[in-house]
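In case you want the letters, here they are:
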Amino acid sequence: MSASTTTPATAPATRPRRRVTGVAVTAWVLGLVFCFPALWMVLTSFHAESDAATNPPSFAASLTLDGYRTFFGGGGGPTPWPPLVNSLTASFFSTVLVLLLALPAAYALSIRRVRKWTDVLFFFLSTKMLPVVAGLLPIYLFARNTGLLDNIWLLVLLYTSMNLPIAVWMMQSFLSDVPVSIIEAAQVDGARLPTVLSRVVAPVAAPGIAATALICFIFSWNELLFARVLTGVVASTAPVHLTTFVTSQGLFLAQLCAASVVVSLPVLAAGYAAQDKLVQGLSLGAVK
C-alpha cells in the first residue's frame, strides 16, 4: 500500500524539477555562447602575436603580458593615459549634464505634464532619426570657426546633446511611477521645485536615474566618429587610441585585444557598481 501511494506523488514532483534543471542548463549554455567573444578576446590578449594570428587558433598557446606592456607604452610606444583621461572626462561630465537637464524635463513630461507632452516626446525621438554622418560636416565647420577643434569640452557638449533625448525618454517612464501624493505633501510643506526634484523625486527614482546614467556613460565612452574627426592629439579619446593599433603591416591582434580589454574595464566597473539599481531601473521597479 505504501509503495503504491508514494509512487504517483513523487513522479509529478520530479517532472517540474527536471524542467527547471533543463531551463537552467539552457540559460547557462546561451550565456556562455553570448560571452564567448569577450572571453576569447581576453584569452587572445595574453597570447603572443604569432600565436594570436594562427589559423585555426591555438587554445594551449603560452601566455604572456607583452600586449599589455605595449598598450601601456612599453617599448617606446605612446602612453594611453591621456586618451583614457579624456574619455573619462567627456563621459563623466556629459553624463552629469544630461542628468541635470533630463530630470526637470522628465518631471514636466510625466508628473506635471505640459500641454502636448506626447508631441514633445516624439520631437525628442525624432532628433535621433538623423544619421550621425549627416551632422558631421556642419559640426566640424562650427568647431573650426570657433576654435574648438581638438577640445575635450566640445565632445562634452556633443555627447550631452546626443544622449539627452534618450535620457528624457527613459526618465519620463521612470518618473511616471513616482506617487504624486508625496510630491504634493512636500509642496504643502513649502518645498520649491529644486527641493522637490533633489529630495523627493530623485531618491524615489534613484534606480531609474542610475540606469539612465550608466547607459549615457556607455554611449559617451564608446563614441568614435565625432572623436575621430574632431580631435587629433590633445583631446584624443580611448576609442580613437584603439584605432592606432590597426596597421597595414605586421601583427596587431594581441595588442588590439589587450587594449580593448583595458578600455572596457571602466564600463564594466561602473556596471558592476550599479548593477542592483540598474536591474531595478530597467525593469521599471523604482517604486513598489
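Residues numbered from 1 in each chain as written. Predicted model: local features only at pLDDT ≥ 70, side-chain atom pairs only at ≥ 80, totals over all residues. Heavy atoms only, no water.

1. Here's the deal with the UniProt feature "transmembrane region" (unreviewed entry) in the protein
If you check UniProt for "transmembrane region" (unreviewed entry), the listed places come out as residues 20-43, 88-109, 121-140, 152-175, 196-221 and 252-274 in our numbering. For residues 88-109, the helix share is 100%, the strand share is 0%, and the end-to-end C-alpha distance is 31 Å. For residues 152-175, helix accounts for 100% and strand for 0%, while the C-alpha atoms at its two ends are 32 Å apart. (UniProt positions renumbered as here; feature names shortened; annotations may be inferred. Helix = DSSP H or I, 4+ residues; strand = E, 2+ residues; numbered from the N terminus.)

2. Points about the packing of aromatic side chains
Using the criterion set out here, one finds 10 aromatic pairs in the structure. Where Phe217 meets Trp221, the ring centres are 5.9 Å apart and the plane angle is 20°; that geometry is what we call stacked. In this pair, Phe217 and Trp221 are both assigned in helix α10 (residues 206-222), 4 residues apart and thus about one turn of the helix distant. Exposure class is identical for Phe217 and Trp221. Each is buried. (Phe/Tyr/Trp six-rings, centres within 6.5 Å; stacked < 30°, edge-to-face > 60°. Buried < 20%, exposed > 50% of the residue type's maximum accessible area, 1.4 Å probe, protein only.)

3. A look at helix α7 (residues 152-175)
The first and last C-alpha atoms of α7 sit 32 Å apart over 24 residues, in line with the 34 Å expected at 1.5 Å per residue. The sharpest bend along α7 comes to roughly 40°, located at Leu164, with the proline Pro165 sitting one to four residues further on. Within α7, 17 of the 24 residues are buried, leaving the element largely enclosed by the surrounding structure. (Expected span 1.5 Å × (residues − 1). Bend = angle between axes of the 7 residues up to and from the residue.)

4. Brief notes about the side chain of Thr160
Along the chain, the position of Thr160 falls in helix α7. Of the polar contacts made by the side chain of Thr160, one reaches the backbone oxygen of Val156; its length is 2.7 Å. Those residues in contact with Thr160 that lie beyond four places of it in its chain are Ser94, Leu97, Val98 and Leu101. (Polar contact = N/O pair within 3.5 Å; in protein donor to acceptor, adjacent residues only side chain to side chain. Contact = heavy atoms within 4.5 Å.)

5. As for the packing of helix α9 (residues 193-204) against α10
Contact pair α9 / α10: the axes reach a minimum separation of 4 Å and the direction vectors enclose 80°. The orientation of α9 with respect to α10, classified from their angle, is roughly perpendicular. Facing Ala202, Pro203 and Val204 of α9, the residues of α10 in contact are Ala206, Pro207 and Ile209. Residues belonging to the contact of α9 with α10 are distributed by class as follows: 6 nonpolar, no polar and no charged. (Axes fitted to C-alpha atoms, helices over the stretch in contact; angles between N-to-C directions. Parallel < 35°, antiparallel > 145°, perpendicular 65-115°, else oblique. Nonpolar A, V, L, I, M, F, W, Y, C, P; charged D, E, K, R; others polar.)

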